Structure formats: structure tokens, C-alpha cells
Amino acid sequence: MEFIDRALLSSYPNAPASLRYTVYFVTFIGFINLIKLGYGTLDLINRHFIRRPKDLMKTYGGNDTWAVVTGGSDGIGEQFCKDLSKKGFNICILGRNEQKMKEKLDQIKKQSGKEIKTRYVVADFAKLTRISDYENIASQLRDIDIGMLLLNAGWTQATPFIDFTPENIEATVNINAVHPAYLSKVLVNQLNERKQRSAIIITSSGLGSIPASGFITYSASKAFAGFLGQGLNFELKKKMDVMTFECGETRTKLMGSRKSRMIVDDISRVTTGCLRDIGYESLTYGCLTHELAMIPLKIFPLRMLQSMMFKASQKTFAMLQKKEAEAKKQN
Ligand SMILES: NC(=O)c1ccc[n+]([C@@H]2O[C@H](COP(=O)([O-])OP(=O)(O)OC[C@H]3O[C@@H](n4cnc5c(N)ncnc54)[C@H](OP(=O)(O)O)[C@@H]3O)[C@@H](O)[C@H]2O)c1
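Here the structure is a predicted model, which means the values were calculated and not measured.

**Focus: the pairing of strand β6 (residues 240-247)**
Here's step 1: Buried residues dominate β6, accounting for eight of its eight residues.
Here's step 2: Judged by which residues are buried, β6 turns out to be covered on both faces: Met 240, Val 242, Thr 244 and Glu 246 on one side and Asp 241, Met 243, Phe 245 and Cys 247 on the other are all buried.
Here's step 3: Across eight bridges, strand β5 (residues 198-205) lies against β6 in parallel orientation. Across the sheet, the residue bridging to Ile 201 is Met 243, located in β6.
Here's step 4: On the question of chirality, the crossover connecting β5 to the parallel β6 by way of helix α8 (residues 216-235) is right-handed.
Here's step 5: Two strands pair when backbone bridges link them, and β6 and strand β7 (residues 283-284) are joined in this way by two bridges, in the parallel orientation. Note on β7: the bridge partner recorded for Phe 245 is Thr 284.
Here's step 6: Taking the sense of rotation as the criterion, the β-α-β connection linking β6, helix α9 (residues 267-275) and β7 turns out left-handed.

**A word on the pairing of strand β2 (residues 90-95)**
Here's step 1: In terms of burial, β2 is largely enclosed, as six of its six residues are buried.
Here's step 2: Burial of β2 is two-sided: the residues Asn 90, Cys 92 and Leu 94 facing one way and the residues Ile 91, Ile 93 and Gly 95 facing the other way are all buried.
Here's step 3: Relative to β2, strand β1 (residues 65-70) runs parallel, the two sharing five bridges. Residue pairing for β2: Val 69 is matched across the bridge by Ile 93.
Here's step 4: Regarding the hand of the β-α-β motif, the stretch spanning β1, helix α4 (residues 75-86) and β2 is right-handed.
Here's step 5: Where β2 lies against strand β3 (residues 118-122), five bridges are found, and the strand directions are parallel. The residue of β3 that forms the bridge with Gly 95 is Val 122.
Here's step 6: In the classification by handedness, the crossover that spans β2, the intervening helix α5 (residues 98-112) and the parallel β3 is right-handed.

**Some thoughts on the site of the ligand**
Here's step 1: Lining the immediate surroundings of the ligand are 29 residues, of which Gly 71, Gly 75, Gly 154, Thr 252 and Leu 254 lie closest.
Here's step 2: Counting only elements with at least two residues in the shell around the ligand, the list comes to α4 and β5.
Here's step 3: If you tally residues by element for the shell around the ligand, the top one is α4, at three residues.

**Notes on the sheet that holds β6**
Here's step 1: One open sheet accounts for seven strands, arranged β3-β2-β1-β4-β5-β6-β7; its pairing is parallel. Two strands close off the open sheet at either side, each with one partner strand: β3 and β7.

**A few points about the nonpolar core**
Here's step 1: Of all hydrophobic cores here, the largest spans 57 residues; its most connected members are Ala 67, Ile 91, Ile 93, Leu 149, Ile 200 and Ile 201.
Here's step 2: It is helix α7 (residues 166-192) that contributes the most residues to this core, nine residues altogether.
Here's step 3: When near neighbours in sequence (up to four residues on either side) are disregarded, Ile 91 contacts Ala 67, Val 69, Cys 81, Leu 84, Ser 85, Leu 105, Ile 108, Ile 116 and Thr 118.
Here's step 4: The next biggest cluster of nonpolar side chains, apart from the first, holds six residues, and it includes Leu 207, Ala 212, Phe 215 and Tyr 218.

Rules behind the numbers
- Residues numbered from 1 in each chain as written.
- Predicted model: local features only at pLDDT ≥ 70, side-chain atom pairs only at ≥ 80, totals over all residues.
- Buried ≥ 20, exposed ≤ 12 C-beta atoms within 10 Å, placed from the backbone.
- Helix = DSSP H or I, 4+ residues; strand = E, 2+ residues; numbered from the N terminus.
- Pairing = 2+ DSSP bridges.
- Right-handed = clockwise from strand over helix to strand, strands pointing away.
- Near = placed C-beta within 6 Å.
- Core = buried A, V, L, I, M, F, W, Y, C linked by C-beta atoms within 7 Å.
- Contact = placed C-beta atoms within 7 Å.

Written as C-alpha cells, this is what we have:
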């Protein structure tokens, strides 16, 4: 207190007690925030540059262990499959397009450089709404040792809520929220009963960290998925490492031709950043670019962010409508 009196209040020897206590309080809050900032910076440096990732095969693998990846036929999921196959995991993809999964699994096997097995299960998550639908999927996975489960499939369209079709609302909720909850549920005992630890990674999104207007169905369903992962991290910690992956903008077909300085073109940077944190964290943003891209979402006023996102969504929707109208004219 004496230090604050000398440094800040020396010019006001007769300052009233109320001013004195306000200055003490503000200084205290500033000090706490300074400590938080210092700790946050050291933690970031440690996670991105110093700490060694877990050996995933040693931690979650066995003799004949599988990584099961939903939406492994494209984009980030496909890259997860490539990364894990190179570590020696057998790969199982869950997706809706059988031919595409077969082709991608052939490529993954060839590129892995390991003697791995592959398989797939056909599942259109947009249409699966009941836990019994997911029990049917789980029954096709009972005979394999699942060491890692990556709940990655995701989809949406940038459209204001009022213009979003009922079918698209349903698909967005089913794919992004229902699929991670129900698939974790029907597989959790199988993973829990293994001798080794198991891992579950749930891919959420930076848009799941705030109520993102213009994308609100996606944002809300990703918030659900993100909470699910972080909550399960605690409940299942005895035998499992569960982590939410709040992914940032990545150049995949989901992103389309959208331009932004924070889009990461090299998908392997995104997946490496995520896999680096499994076993340590309950939540990751993956690579450094995506972690830095989260800063504005945390410090800018929510109203301002919502206004920007809503405008972007309206613009994209208008473009989509124009394209559709032109296509109709041509037919
Ligand atoms: N890209 C980004 O900027 C970004 C940002 C934040 C979060 N994410 C999240 O990251 C995850 C991966 O996205 P991505 O960017 O890699 O997108 P992507 O390239 O479009 O890949 C999405 C994957 O999910 C599958 N999928 C989509 N709808 C499905 C359905 N109804 N049933 C079964 N599978 C379905 C796709 O299958 P098909 O091959 O049949 O299409 C594909 O394999 C998603 O959860 C997404 O929300 C992405």
C-alpha cells in the first residue's frame, strides 16, 4: 500500500479514503491481469515450442490398434487419417460416400509407409437422430481395438437463421452436435475397458466459443460439442484423454473460396497442432496461427463481432442465391 501511495497518490496527500481505496482496487486488478498475461504467454510458448508431444502409439496403441475418424474422407479428417496411419494406426473412416471413402483409404494406405489395415462404415450423420442409429454403427466396430476416436465430421452453410432451410438446420445440429454426443456414448464403454489409455478428440470451432450471429446454428451446435469434450475430459480422465479441438479457418471444401488472412492453407499444420496437445489439454486451438486468431474473439466487444459476422453471412447468402438463380436460368 505504501508503494501505491508513493507512486500514484503522492501528489494528492489529502485524497479522500474513497479515492484511495479505488486506486488500491484498480491497481490490484491490474496486477492480477498482469500475472495472468505473463502466465498465459509462458504457457503458450511452452505448448507451441517446448513441450514434446506424446508418443501416440505408445500411449494409445496396442498390437493392432485403430484410429476411427468421422469425416475422414476429406479436409482435416483426411489429414488426421494420414498423420495417424504414418504412426502405425489402422484407419477406419465413418462417412456418407462409400466410393470416396474407398478411394481415400487406398491413398492413405499407400502413403502411410506402414503395414496398416483400413475399413469404413457408411453413415450419413445428417440423417441419424436416434441413439439406436448409433448403436448400429457401434456394432460394426465391436471387433476392433479403438485407441483413438476422432469426432471430426462437420458441416454448415453461412446463412442467417431466418433464411436457413429447416433441412439445413436439422443437418447442422445432427452432424455437429448429435453425432459427437451419440457416437461417444455408444463407444465409451469399449474405449474404457481397454488395458491402455484411449483418446477422444471432438472437433469444434472457434465459432463455437461465441454466439456467432449469421452462423448461429453451427455456432451453438459447436459450442455443445466443445463443452461435451471439455466436460468428458474430467469425467473420463482415469482411462481416457478427451480433448475439444476449437479449429480455426483452414483451406478445405467447407471454407470454399473464402478469403481471410488467418486461413491456414497447409492442413497438416492444423492437425499436427491438434495432435501435439492430446494427453495434455482439455481444449486446444491447434496451430499458433489459429490460437492467435482467437484473440480478437476474446477481447473485442461481442456486439461488434456479431455485427461483422452477420454482415458476412448475409453477403455470402446473397451470393449463393445469385448463383442458384443463374444456374436455374441456364437449365
Ligand atoms: N475448415 C475450417 O475452416 C474449419 C474451421 C473450424 C472448424 N472446422 C471443423 O473441422 C471439421 C472438418 O471440417 P473440414 O474443414 O475438413 O471440412 P470438409 O473438408 O468439408 O470435410 C468434412 C468431412 O465431414 C464429412 N461429412 C460432412 N457431412 C457429413 C454427413 N452428413 N455425414 C457424414 N460425414 C459428413 C465430409 O464427408 P464428404 O467427403 O462426403 O463430404 C468430410 O469427410 C468439421 O467439424 C468442421 O466444422 C473447420
